[in-house]
Amino acid sequence: MNKKYEVAIIGAGISGSALAYELARYTDIKSICILEKYDDIATLNSSEKANSQTIHFGDIETNYTFEKAILTKQAAKMVEKYCLQYNLENEVIFSHQKMALGIGDKEVEFMLERYEEFKSLFPNLQVWTKEDLKKIEPRLIYDFDHKERKERIVGVGSIGEWTTVNYKKMSISLIENAKREKNKQVDLFTNSEVLDITKLENQFLLTTKDKKIYADFVVVNAGAHSLYLAHKMGYGLDYSCLPIAGSFYMTVKKILNGKVYMVQNPKLPFAALHGDPDVAQNGNTRFGPTALVLPKLERYKNGTYLDFFKTLRFDRVILKIFTDLLKDSDIRNYIFKNILFEIPIINKYLFIQDARKIIPSLKMSEIKYAKNFGGVRPQVLDKNKQKLMLGEASINSGDGIIFNMTPSPGATSCLANAKRDILQIVKFLNKNFNYEKFENELIDKEHFDEVKINDENHKLFMSKIREEIRLFEEKYYYSSSYTEDLPDYWEKPYSPWRNKRDHWSF
Ligand SMILES: Cc1cc2nc3c(=O)[nH]c(=O)nc-3n(C[C@H](O)[C@H](O)[C@H](O)COP(=O)(O)OP(=O)(O)OC[C@H]3O[C@@H](n4cnc5c(N)ncnc54)[C@H](O)[C@@H]3O)c2cc1C
C-alpha cells in the first residue's frame, strides 16, 4: 500500500493521539495518519495500568518549582477542559480529593511554607491538620492499635478538583474526535511498526512491513523508541535514553479516598511513593511507582533489549553521568532500594516499610505486587551537559521531523506538547492554526488572574493553622525547635527564583 499525507504521526499513545486531534480540529491541514506498532491504541505507557493516572497540576508535586507549576497547571487544565468539553466525566476524567503529606517537623514546616507560596496559583488548596485528616483520610493517622501516630503531620491539598484520567480512554476519545472533524482525513493504522524513515527531497518516506507512507511532516511520538528512531536518522546523537521502569503495589480494597503524595526529596529524579485510587480497579489503592533501570525500551513486551543498547550509546560520558549519580548517597540508596523492590519475597516486605509512612497500619495481607502494571519512563541523558534530564525532551530537526521523549508528566502535557509541535508544523507547511478556537476551547482563562490574589488574609489564616498544630502536638510532646524560626528548610527547592519573582507581574 502506498499513501501520501500532509502529516504522519508515529505512535498512538496519548501524545500521538493528542496531536492528531489538535491537527484535525485547529489547523487547516487536511490529511493526517497515525502509525501504531501494536494492535490497539495506548498499550504502552499511556495504558491505564502503566501510569499513576494523575493529572499533574503542580500543587501536590512538591519538587515542582512555582514556575514549573504555572506551566504544568496550564497544560493540565487543557486535559481537564478537553474531557469536560466532551462530557467524559467519570468515564475518562475523575475527581478525588488530593494532598501532599508532610510528616515530622521538617516536612510539616516545608509544606506550610510551600502552601503559603503556592496558594496564589492554587486558590482551592487547603491545609489539613491531624484532626482534619482523621475525618478526610483516617488511615493516614491511626496505627495497628487504632492509636494516633505521634509525629506532626499536615496535609496540603484540595477537594472537588479533577485529579485523575484514564489516559488510554482519553487517547481513544482523541482519535475518535479527530476522525469526526469534517473535511479531514484522519487514518489510524495499527499493527504498523515504522521500521525506517527516509528523508526524500521534499517529503519523508515511512516504511512498515506492508506499507509505504509518504508525508510532508513527521512527528515521532514513539515513547522510548523516539530517540531510537532519531538516532537511526542521525539526529539527537548527543542524547541517550535511560529507561526507568516503574512498578506498583495494589491494595485488595479501597483504603484511601483520594490521592496522597509525599514530600519529595528534591535530589531524586522521580516522584516519591504515593497512593492513588485506581479508576480502572474499582478505586482500589495503587502505591508506587518504584524506579528501576531496565535494559529494554518496552515493559511487558518481548524484545527491545538491543534497541536499549543502541539508544544508550554507551561511552565514557555516559559512564561519567552514571558514576556522578552514584556518588550521591541519597541517589545511591534510592537506586539500591528500588532494585530490592523488584526481588520476589523480600520486595513486599521492604516496600511496605515505605508505604507505612503513608498508612501506619498497612498490613502485609492488604497489598500485593501489581503484576503487569507499570511502564517505562524514557529518561534522557544529555551528553553535552553530562546530566540526566528530569523532564521531557523534544528534538526538532528543523527540516520537517520532530522526535518527542515523554517521561512523566508526559500524559498531563499531551495537549500542550501537541500545540508546541503544531506551531512548528504550520510554519513549516505554510498552513494555519486557529488560535482563537484553540484558546476558547482549551485554555483556562482564569489561570493568570489567580496568581494575583492578595496575600494578607492567607497570612492570618496560616498563623492560625500553625498555632492549631502547635497546640495539638503539645498533647504528645514539646519540641523546642518548634518555637524557632524554621522557614529555610531544604533551601526551598520549589522557589529558587522567589525574590526575583516578587517583582514580576503575571
Ligand atoms: C510508572 C509511571 C507512572 C506515570 N505516571 C504518570 C502520571 O500519573 N501522570 C502523567 O501525566 N504521566 C505519568 N507518566 C508518564 C506518562 O505515562 C507518559 O509520559 C505518557 O504515557 C507518554 O505517552 P506517549 O504517547 O508519548 O508514549 P507511549 O504511551 O509510550 O506511546 C508510544 C507509542 O508509540 C508506539 N511506537 C513505538 N515505536 C513505534 C514504531 N516504530 N512505529 C509505530 N509505533 C511505534 C508504541 O507502540 C506506543 O503505542 C508515568 C509514567 C510511568 C512509567
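Remember, it's a predicted structure, so these values are computed and weren't measured experimentally.

Turning our attention to the packing of helix H1 (residues 14-26) against helix H11 (residues 414-429). Look at H1 against H11: their axes get within 8 Å of each other, and the N-to-C directions meet at 55°. As far as their axial angle goes, H11 and H1 are oblique. In this structure, H1 crosses over H11, and the sense of that crossing is right-handed. Between H1, through Ile 14, Ser 15, Ala 18, Leu 19, Glu 22 and Leu 23, and H11, the contact on the second element is made entirely by Cys 414, Leu 415, Asn 417, Ala 418, Lys 419, Asp 421 and Ile 422. Class assignment of the residues belonging to the contact of H1 with H11 gives a composition of eight nonpolar, two polar and three charged.

As a further point, take the nonpolar core. Counting residues in hydrophobic clusters, the biggest one holds 79 residues, and the most contacted among them are Val 7, Ala 8, Ala 20, Ile 32 and Val 218. Considering every element that reaches this core, the biggest residue donor is H1, with seven residues. Among the nonpolar cores identified, the runner-up in size contains 43 residues, and Ala 100, Phe 118, Phe 122 and Tyr 261 belong to it.

For the rest of this paragraph, the subject is the environment of Gly 102. Along the chain, the position of Gly 102 falls in strand E4 (residues 98-103). Taking the C-beta count within 10 Å as the criterion, Gly 102 has 26 such neighbours and is therefore assigned buried. Among residues more than four places away in sequence, those in contact with Gly 102 are Glu 107, Val 108, Phe 110, Met 111, Ile 153, Val 154 and Val 263.

Examined bridge by bridge, strand E1 (residues 2-10) and strand E11 (residues 212-220) share eight bridges and lie parallel to one another. Bridge assignment links Ile 9 to a residue of E11, and that residue is Val 219. Bridge count between E1 and strand E2 (residues 31-35): four bridges; the pairing is parallel. If you follow Val 7 over to E2, its bridge partner there is Ile 32.

Attention shifts here to the sheet that holds strand E12 (residues 239-246). In a beta sheet, neighbouring strands pair by backbone hydrogen bonds and run either parallel or antiparallel. Pairing is antiparallel in the open sheet, where four strands are placed in the order E17-E12-E19-E20. Only two strands of the sheet have a single neighbouring strand rather than two, namely strand E17 (292-293) and strand E20 (387-389). Alignment of E12 against strand E19 (residues 375-382), held across eight bridges, turns out to be antiparallel. Looking at the pairing, Pro 243 lines up with Pro 378 of E19.

On to unusual backbone geometry. With an omega dihedral of -10°, the bond running from Gly 288 to Pro 289 counts as a cis peptide bond. Of note, Pro 289 is situated in the loop between strand E16 (285-288) and E17. Going from Ser 408 to Pro 409, the amide bond is cis rather than trans, its omega being 5°. By the secondary structure assignment, Pro 409 is in the loop between strand E22 (401-405) and H11. The phi dihedral of Asn 87 falls on the positive side, at around 50°, and the residue is not glycine. With respect to the helices, strands and loops of the structure, Asn 87 is situated in the loop between helix H2 (66-85) and strand E3 (93-95). Here Asn 87 falls in the exposed class, since 10 other C-beta atoms lie within 10 Å of it.

Reading the values: the criteria
- Residues numbered from 1 in each chain as written.
- Predicted model: local features only at pLDDT ≥ 70, side-chain atom pairs only at ≥ 80, totals over all residues.
- Axes fitted to C-alpha atoms, helices over the stretch in contact; angles between N-to-C directions.
- Helix = DSSP H or I, 4+ residues; strand = E, 2+ residues; numbered from the N terminus.
- Parallel < 35°, antiparallel > 145°, perpendicular 65-115°, else oblique.
- Left-handed = near helix turned anticlockwise from the far one by under 90°.
- Contact = placed C-beta atoms within 7 Å.
- Nonpolar A, V, L, I, M, F, W, Y, C, P; charged D, E, K, R; others polar.
- Core = buried A, V, L, I, M, F, W, Y, C linked by C-beta atoms within 7 Å.
- Buried ≥ 20, exposed ≤ 12 C-beta atoms within 10 Å, placed from the backbone.
- Pairing = 2+ DSSP bridges.

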